Amino acid sequence: MKRLEGKNVLITGGSTGIGRATAIRFADEGANVAINYHSSAREAEITLAEAQKTCSIIREKGCGEMLVQGDVASEEDVKRIFAEVLGAWGRLDILVNNAGIQVKSPTHETTMGAYDRVLAVNLRGAFLCAREAVRHFLDRGGGGVILNNTSIHETVPKPYYASYAVSKAGIRALGRILALEYAGQGIRVNTVAPGAVVTPINREWADDPAKRALVEAHIPMGRAGDPEEIAGVFAFLASDEAAYITGQTIYVDGGLTLYADFRTPWSSGS
Ligand code: NAD
């Protein structure tokens, strides 16, 4: 059963990792997918090439695809991204706020430039894209779906990554606020909070067997997740099977948020 037949979807940061897997999964479900990719000077060629590869996979599935370059932290870029998608397709049904970055830095050494950039891409970017999507959904009537990619760190503290965890907690709040604000207009807003997933953002440990084993030792299910396992949850939340779900976060984390220290009864006497 194709659950997203004919739906038009925009995925930010859709050229790699979870965004890419979600783009392909949405095409499997029959959706037309617009992939936003970011083109900083250093990464330009890599992200464009990755985005083009993803588009050709979507085309082979018989779905519409388009590439839209832009920095989600820029209001001007976000307005242009939406204008390009709506200019080409006339309507958007689903937005996936997936783009994200992280910077490791002890808080006392963190520069405001680094802090502000993480907040700008992750939280301001999610707000800007959600705002444009809501404007469009309200203009055309009939509702729509906004999905956010946060992290278990929307609630779990992450020392050395204050900017990242703060941005993700902010997106969680944003999702819940928008869900409540626009529930009456048929707009559903939900969030997926992945645990440790093997993608480029985690190259530092994912490509090193010893470091990866260390990471996986913390995960109750004993392994890191695949991007496809996150994409499947996005597809469910985008579909009408989730028609009565709004304002929620689904943790997709192999049990990471289950307080694994409590696996053995150390906290109470017998
Ligand atoms: P990734 O690095 O492959 O994906 C991030 C994407 O965002 C990239 O395509 C990148 O080009 C894009 N991007 C960065 N800055 C941008 C900007 N200014 N404008 C537009 N796009 C921009 O890694 P990923 O793991 O696939 O990350 C995707 C999302 O999943 C992120 O929001 C990340 O925080 C979240 N997440 C990942 C994990 C994990 O373990 N991999 C866990 C929890 C949450």
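Sequence positions are assigned chain by chain, starting from 1 and proceeding in written order. Since the coordinates come from a predicted model, pLDDT governs what is reported: local features require at least 70, and pairs of side-chain atoms require 80 or more to be given and counted, while whole-chain, interface and lining totals use all residues. Water and hydrogen atoms were dropped before computing side-chain values, which therefore reflect all heavy atoms in the structure.

Overview of the packing of helix H4 (residues 112-140) against helix H5 (residues 162-182)
Relative to each other, H4 and H5 sit at 15°, their axes nearing to 8 Å. Compared by their axis directions, H4 and H5 come out roughly parallel. The element H4 and its partner H5 pack so that their crossing is right-handed. Of H5, the residues touching H4 (which contributes Tyr 115, Val 118, Leu 119, Asn 122, Leu 123, Ala 126, Phe 127, Ala 130, Val 134 and Leu 138) are Ser 163, Tyr 164, Val 166, Ser 167, Lys 168, Gly 170, Ile 171, Leu 174, Leu 178 and Tyr 182. Here the term charged refers only to Asp, Glu, Lys and Arg, the term nonpolar to Ala, Val, Leu, Ile, Met, Phe, Trp, Tyr, Cys and Pro, and the term polar to all other amino acids, Gly among them. Looking at the contact of H4 with H5 residue by residue, the classes come out as 15 nonpolar, four polar and one charged. Lines fitted to C-alpha atoms define the axes here, with helix axes fitted over just the stretch in contact, and angles between the N-to-C directions of these axes take values from 0 to 180 degrees. Under the DSSP-based scheme used, a helix requires at least four consecutive residues in state H or I and a strand at least two consecutive residues in state E, with every element numbered from the N terminus. An angle below 35 degrees is treated as roughly parallel, one above 145 as roughly antiparallel, one from 65 to 115 as roughly perpendicular, and anything else as oblique. Left-handed describes a crossing whose near helix is turned anticlockwise from the far helix by less than a right angle; the clockwise case is right-handed. We call two residues in contact when some of their heavy atoms are within 4.5 Å.

Here we look at the site of the ligand
Around the ligand, a shell composed of 30 residues is seen, among which Thr 16, Tyr 164, Val 197, Thr 199 and Asn 202 lie nearest. Here a polar contact means two N or O atoms within 3.5 Å. Within protein one must be a hydrogen donor candidate and the other an acceptor candidate, and residues neighboring in sequence count only if both atoms are side-chain atoms. At 2.8 Å from an oxygen atom of the ligand is found a main-chain nitrogen or oxygen belonging to Ile 18. Contacts to the ligand include Asn 98, whose backbone N or O atom sits 2.8 Å from an oxygen atom. For every accessible area listed, the method is Shrake-Rupley and the probe measures 1.4 Å; residues are considered covered only by the protein chains on display. Summarising the interface, the protein chains cover 94% of the accessible area of the ligand, which totals 810 Å² for the free molecule. Broken down by class, the residue content of the shell around the ligand amounts to 11 nonpolar, 16 polar and three charged. Definition of nearness: a residue and a molecule or strand are near each other if at least one heavy atom of the residue lies within 4 Å of the molecule or strand.

Details of the pattern of salt bridges
Here, a salt bridge means any side-chain nitrogen of Lys or Arg that lies within 4 Å of a carboxyl oxygen of Asp or Glu. Taken as a whole, this structure holds 20 salt bridges when the rule is applied. Among the salt bridges present, the one from Arg 80 reaches Asp 77, with a minimum N-O distance of 3.6 Å. You can see Arg 80 and its partner Asp 77 sitting in helix H3 (residues 75-89), three residues apart, about one turn around the helix. The classification of residues rests on relative accessible area computed with a 1.4 Å probe and restricted to protein chains. Under 20% of the type maximum is buried, over 50% is exposed, and intermediate values are partly exposed. Judged by its relative accessible area of 16%, Asp 77 falls in the buried class. Linking Glu 132 and Arg 131 is a salt bridge whose minimum nitrogen-to-oxygen distance equals 3.6 Å.

Here's the deal with the packing of aromatic side chains
Aromatic pairs are defined between Phe, Tyr and Trp rings, using the six-membered ring for Trp, whenever the two ring centres lie within 6.5 Å; interplanar angles under 30 degrees are classed as stacked, those over 60 as edge-to-face, and all others as tilted. Tallied over the full model, the rule gives two aromatic pairs. Seen from their ring centres, Phe 262 and Trp 266 are 5.0 Å apart, and the 40° between their planes marks the pair as tilted. Here the aromatic cluster, defined as three or more aromatic residues joined through ring pairs, consists of Tyr 259, Phe 262 and Trp 266. Criterion for a charge above a ring: Arg CZ or Lys NZ at most 6 Å from the ring centre, at most 35 degrees from the ring normal. Above the plane of the ring of Tyr 160 lies Lys 104, whose end atom (NZ or CZ) is 6.0 Å from the centre. Directly above the aromatic system of Tyr 161 lies the positively charged group of Lys 158, at a separation of 3.9 Å from the ring centroid.

Structural notes on the environment of Ile 81
Checked against the element boundaries, Ile 81 lands in helix H3. The exposure class of Ile 81 is buried, given its relative accessible area of 2%. With 177 residues separating them in the primary sequence, Ile 81 and Leu 258 have C-alpha atoms 39 Å apart. Ignoring any residue separated from it by four or fewer positions in sequence, one finds Ile 81 in contact with Leu 10, Asn 36, Val 68, Gln 69 and Gly 70.

Comments concerning the nonpolar core
Core analysis: the biggest nonpolar cluster contains 30 residues, and Leu 10, Phe 82, Val 85, Leu 95 and Ile 146 have the highest contact counts within it. Of all the secondary structure elements, the ones that give two or more residues to this core are strand E3 (65-69), H3, H4, H5 and strand E6 (187-194). If we ignore the near neighbours within four places in the chain, the residues touching Ile 146 are Leu 95, Asn 97, Ala 130, Ala 133, Val 134, Phe 137, Arg 188, Val 189 and Asn 190. Val 9, Val 33, Val 96 and Ala 235 belong to the second-largest nonpolar core, a separate cluster that totals 29 residues. Here, nonpolar core refers to any group of buried Ala, Val, Leu, Ile, Met, Phe, Trp, Tyr and Cys residues whose side-chain atoms link them within 4.5 Å.

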